[in-house]
Amino acid sequence: MNKKIKKIILKKNKSKIVSLTAYSKSIAKILDDHVDIVLVGDSMANVLYGHKNTHHISMNNIIQHTESVKKGTKKSLLVVDMPKGSYDNEKKALKNVKKIFSDVRCDAIKIESNKKNFNIIQAITKKNIPVMGHIGYTPQFKKKFRIEGQSSIEISKLIKEAKTIEKAGAFAIVLECLSPLSAKIITKELKIPTIGIGSSAYCDGQILVTDDMLGISGFYPKFVKKYVNLNRVIEKAVKKYTSEVKLKKFPTKKNSLNGTKYRK
């Protein structure tokens, strides 16, 4: 077992797992000293490419961004989202997973559950490829957002789904937008770590989209905490730069390169 993955599993019931997303080397390098997991998420569809959902990210997009993130990730576990349509069946899933691992050498991949693709998770893990599961609100398969696990019947179904994913060989599972009670029960029932997003503090760890918590995505649901309003910081810097260029205050001699002296 990958040492990084073993470290994540051993954190269950001991210390919280910290996770954030990254799509570039520069951000990954900052995160790497502070988080346990860096996820190259298909959320790049919304954050970087301006799509309304995560459905239009290709294998090439994921691989290209992971290549960049990999260069900035040394300590953290590097997990990559499988894009929608890349794991419709076992043959297709294995082909695409192998390509990602071959091209970028990440530590694990993440697959969203559609309540039917447990066999695909099992087929991948049987090839000794680490898989992180994902239940609750799964943007690749669900159009309408809602909090899940609000009744005893729903909770029972979620527990069964989570346990089936665990049995299929997943080393961890994301719980997205579950009720606190359902997240608490699932976390207690599973042997593998649960990583929550909008699913209460009962989970073994937490993940957010980095651009959301930095205040630059424009998407701030209740479960997101903005730790800084980076939009304002960036805007202030851009305004100052614009002003200095127009007033001929930039560049100064300090910012000028010393080339070959030439006199006509």
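The rules we used
- Within any chain, residue numbers begin from 1 and follow the written order of that chain's sequence.
- Since the coordinates come from a predicted model, pLDDT governs what is reported: local features require at least 70, and pairs of side-chain atoms require 80 or more to be given and counted, while whole-chain, interface and lining totals use all residues.
- The basis for every side-chain value is the complete set of non-hydrogen atoms in the structure, without hydrogens or water.
- Here a helix means four or more residues in a row that DSSP labels H or I, a strand means two or more in a row labelled E, and each is numbered from the N terminus.
- Should DSSP find at least two bridges between two strands, the strands are regarded as paired.
- All axes here are fitted lines through C-alpha atoms, helices being fitted over the stretch that makes contact, and every angle between N-to-C directions spans 0 to 180 degrees.
- Working rule for contacts: check all heavy atoms of both residues, and any pair within 4.5 Å makes them a contact.
- By convention in these notes, a salt bridge is any Lys or Arg side-chain nitrogen within 4 Å of a carboxyl oxygen on Asp or Glu.
- Only protein chains enter the calculation, and the probe is 1.4 Å; a residue is then buried if its accessible area is under 20% of its type maximum, exposed if over 50%, and partly exposed in between.
- For the handedness criterion, the strands are oriented away from the viewer, and a crossover whose path from the first strand over the helix to the second runs clockwise is classed as right-handed.
- The aromatic pairing rule takes the rings of Phe, Tyr and Trp, using the six-membered ring of Trp, and pairs them if the centres are within 6.5 Å, calling planes under 30 degrees apart stacked, those over 60 edge-to-face and the rest tilted.
- Cysteine sulfur atoms are paired as a disulfide whenever they come within 2.5 Å of each other.

Visitor: Residues and numbers for the environment of Ser 15, please.
Guide: Within the secondary structure layout, Ser 15 lies in the loop between helix 1 (3–10) and strand 1 (17–21). The spatial distance from the C-alpha of Ser 15 to the C-alpha of Gly 205 is 8.3 Å, given a sequence separation of 190 residues.

Visitor: With reference to specific residues and values, describe the sheet that holds strand 4 (residues 108–110).
Guide: With parallel pairing, the eight strands of this closed barrel are ordered in space as 1-2-3-4-5-6-7-8. Ignoring which end each strand starts from, the neighbouring axes of this sheet average 25° apart. Of the pairings in the sheet, the one linking strand 3 (residues 77–81) to strand 4 comprises three bridges and is parallel in character. Paired with Val 79 across the strands is Ala 108, a residue of strand 4. Packed onto the sheet, helix 4 (residues 59–72) meets strand 2 (37–40) and strand 3 and runs at close to 170° relative to strand 3.

Visitor: A description of the pattern of salt bridges should follow, citing residues and the corresponding values.
Guide: Under the defined criterion, the tally for this structure stands at 11 salt bridges. Across the pair Asp 107 and Lys 4 runs a salt bridge whose closest N-O atoms are separated by 3.9 Å. On the criterion of sequence distance, the pair formed by Asp 107 in the loop between helix 5 (90–104) and strand 4 and Lys 4 in helix 1 is long-range, its members being 103 residues apart. With a relative accessible area of 11%, Asp 107 lands in the buried category. Owing to a relative accessible area of 25%, Lys 4 belongs among the partly exposed residues under this scheme. With a closest N to O distance of 3.7 Å, Asp 36 and Lys 11 form a salt bridge. On the criterion of sequence distance, the pair formed by Asp 36 in the loop between helix 2 (25–31) and strand 2 and Lys 11 in the loop between helix 1 and strand 1 is long-range, its members being 25 residues apart. Of the two residues, Asp 36 and Lys 11, neither departs from the other in class, the shared state being buried.

Visitor: Got a sec to walk through the pairing of strand 7 (residues 194–197)? Specific residues and values, please.
Guide: Side-chain alternation along strand 7 places Thr 194 and Gly 196 on one buried face and Ile 195 and Ile 197 on a second face that is also buried. With four bridges connecting them, strand 6 (residues 172–176) and strand 7 associate as parallel partners. Residue Leu 175 lies in a different strand from strand 7, and its bridge partner there is Gly 196. Each parallel crossover has a hand, and for strand 6 linked through helix 8 (residues 180–189) to strand 7 it is right-handed. Relative to strand 8 (residues 205–208), strand 7 is paired through two bridges, and the arrangement is parallel. Of the residues in strand 8, the one forming a bridge with Ile 195 is Gly 205.

Visitor: Hey, could you go over the packing of aromatic side chains for me, with residue numbers and the actual values?
Guide: All chains considered together, the criterion is met by three aromatic pairs. When the ring of Tyr 137 is compared with that of Phe 145, the centres are 5.3 Å apart and the planes differ by 80°; the resulting orientation is edge-to-face. In this structure Phe 145 comes out as partly exposed when scored by relative accessible area, which is 45%. Each ring, one from Tyr 241 and one from Phe 250, has its centre 5.9 Å from the other, and the planes form 65°; the classification is edge-to-face.

Visitor: How would you summarise the state of the cysteines if you had to cite specific residues and measurements?
Guide: Scanning all chains against the criterion turns up zero disulfides. Cys 177 forms no disulfide, and the closest cysteine sulfur to it belongs to Cys 203, at a distance of 11 Å. Here Cys 203 falls in the buried class, since its relative accessible area comes to 0%.

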